[in-house]
Amino acid sequence: MKWIKRFLVLALLVLVVMQFFRPDKNQEGNYDSVQPFLAETKPVASVEDILKETCFDCHSNQTRYPWYAEVAPVSYWLADHIRHGKGELNFSEWSSYSTKRKDHKLEEVIEMVEDKEMPLDSYTWTHKEAQLSDAQIKAIVTWAKVARLQYSIRTTPE
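These figures come from a predicted structure and were not determined experimentally. (Residues numbered from 1 in each chain as written. Predicted model: local features only at pLDDT ≥ 70, side-chain atom pairs only at ≥ 80, totals over all residues. Heavy atoms only, no water.)

A. Examining the overall build of the protein more closely. A count of helical and extended segments in the protein gives 8 helices and 0 strands. Tracing the protein from N to C terminus, the helices and strands come up as α-α-α-α-α-α-α-α. Relative to its full complement of 158 residues, the protein shows a buried share of 35%. Taking as baseline every contact in the protein between residues at least 6 positions apart, the subset at least 24 positions apart corresponds to 77%. (Helix = DSSP H or I, 4+ residues; strand = E, 2+ residues; numbered from the N terminus. Buried < 20%, exposed > 50% of the residue type's maximum accessible area, 1.4 Å probe, protein only. Contact = heavy atoms within 4.5 Å.)

B. A look at the packing of aromatic side chains. Throughout the structure, instances matching the rule amount to 8 aromatic pairs. On the basis of an interplanar angle of 35° and a centroid distance of 6.5 Å, the ring pair of Phe-91 and Trp-94 is categorised as tilted. Chaining the aromatic ring pairs together yields one cluster made of Phe-37, Phe-56, Phe-91, Trp-94, Tyr-97, Trp-143 and Tyr-151. Note that Arg-101 overlies the ring of Tyr-97, its terminal NZ or CZ placed 4.0 Å from the centroid. (Phe/Tyr/Trp six-rings, centres within 6.5 Å; stacked < 30°, edge-to-face > 60°. Lys NZ or Arg CZ within 6 Å of the ring centre and 35° of its normal.)

C. Quick look at the confidence of the model for the protein. This prediction gives the protein a mean pLDDT of 85; 90% of its residues lie at or above 70. Mean pLDDT across the elements of the protein ranges from a minimum in helix H1 (residues 2-18), with 76, to a maximum in helix H6 (residues 99-114), with 95. (pLDDT = per-residue confidence, 0-100.)

D. Quick look at the nonpolar core. Ranked by internal contacts, the top residues of the largest apolar core, which has 25 residues, are Phe-37, Phe-56 and Trp-143. Breaking this core down by element, the ones donating at least two residues are helix H2 (35-41), helix H3 (45-54), H6 and helix H8 (134-155). In terms of residue count, the dominant contributor to this core is H8 (7 residues). The contact partners of Trp-143, leaving out residues within four places of it in the chain, are Phe-37, Thr-41, Lys-42, Pro-43, Val-47, Leu-51 and Leu-106. (Core = buried A, V, L, I, M, F, W, Y, C linked by side-chain atoms within 4.5 Å.)

E. Summary view of unusual backbone geometry. At the junction of Met-118 and Pro-119, the peptide bond is cis and its omega measures out at -10° in the coordinates. Inspection of the secondary structure assignment puts Pro-119 in the loop between H6 and helix H7 (121-124). If you check the backbone angles, Lys-42 has positive phi at about 50° while not being a glycine. Here Lys-42 is to be found in the loop between H2 and H3. On the accessibility criterion, Lys-42 (61% relative accessible area) is exposed. In the Ramachandran plot, Lys-116 falls in the positive-phi region, its phi being about 60° despite a non-glycine side chain. Structurally, Lys-116 is set in the loop between H6 and H7. We classify Lys-116 as exposed; its relative accessible area is 55%.

F. Molecular detail of a nonpolar patch on the surface. On the surface, a nonpolar cluster with roughly 650 Å² of combined accessible area is contributed by Met-1, Trp-3, Ile-4, Phe-7 and Leu-8. Along the chain, the position of Ile-4 falls in helix H1. We classify Ile-4 as partly exposed; its relative accessible area is 33%. (Patch = residues over 30% accessible without salt bridge, like charges linked within 9 Å, V, L, I, M, F, W, Y side chains within 5 Å. Areas by Shrake-Rupley, 256 points an atom, 1.4 Å probe, with all protein chains shown as cover. Salt bridge = Lys/Arg side-chain N within 4 Å of Asp/Glu carboxyl O.)

G. Spatial organisation of H6. The end-to-end C-alpha distance of H6, which contains 16 residues, comes to 23 Å, matching closely the 22 Å that a straight helix rising 1.5 Å per residue would cover. Residues Lys-102, Asp-103, Lys-105, Leu-106, Val-109, Ile-110 and Val-113 constitute the buried set of H6. Angular distribution of buried residues about the axis of H6 spans 165°; they occupy a single face of the element. Just beyond H6, the residue with positive phi is Lys-116, at close to 60°. (Expected span 1.5 Å × (residues − 1). Arc of directions from axis to C-beta.)

Here it is, written out as structure tokens:
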């Protein structure tokens, strides 16, 4: 019993110390960084709203943080989640992607949304507004397929 008490005290001490060392936040100030992506792929307003609610927090340089993001170890978990998401697809870096990569990323968006792998369950548990309806899934898929046309045409060998 004594070792359990020592472990709990040590764990509490570690949690308190963690509060003073926070990961950097993913915020550039606003959503201007995604404007080149939006201008190039031209989503209708409803799809743009869906992207903002369900994608940009983890896949752009702008994240809306909930209150609990200030509490470690959740802050570390979120930072890692965002880092990984941006590593897979960062809408803020869209301009730097090659035509072939843009086409491939939109193809992955279609697959992930159709298979209901995105947004992640761990995101929708705390962001109920990010749960996609069948109509929203269809709208995203339709938009992404149309947006892909401009890239697939450019990448098709002659």
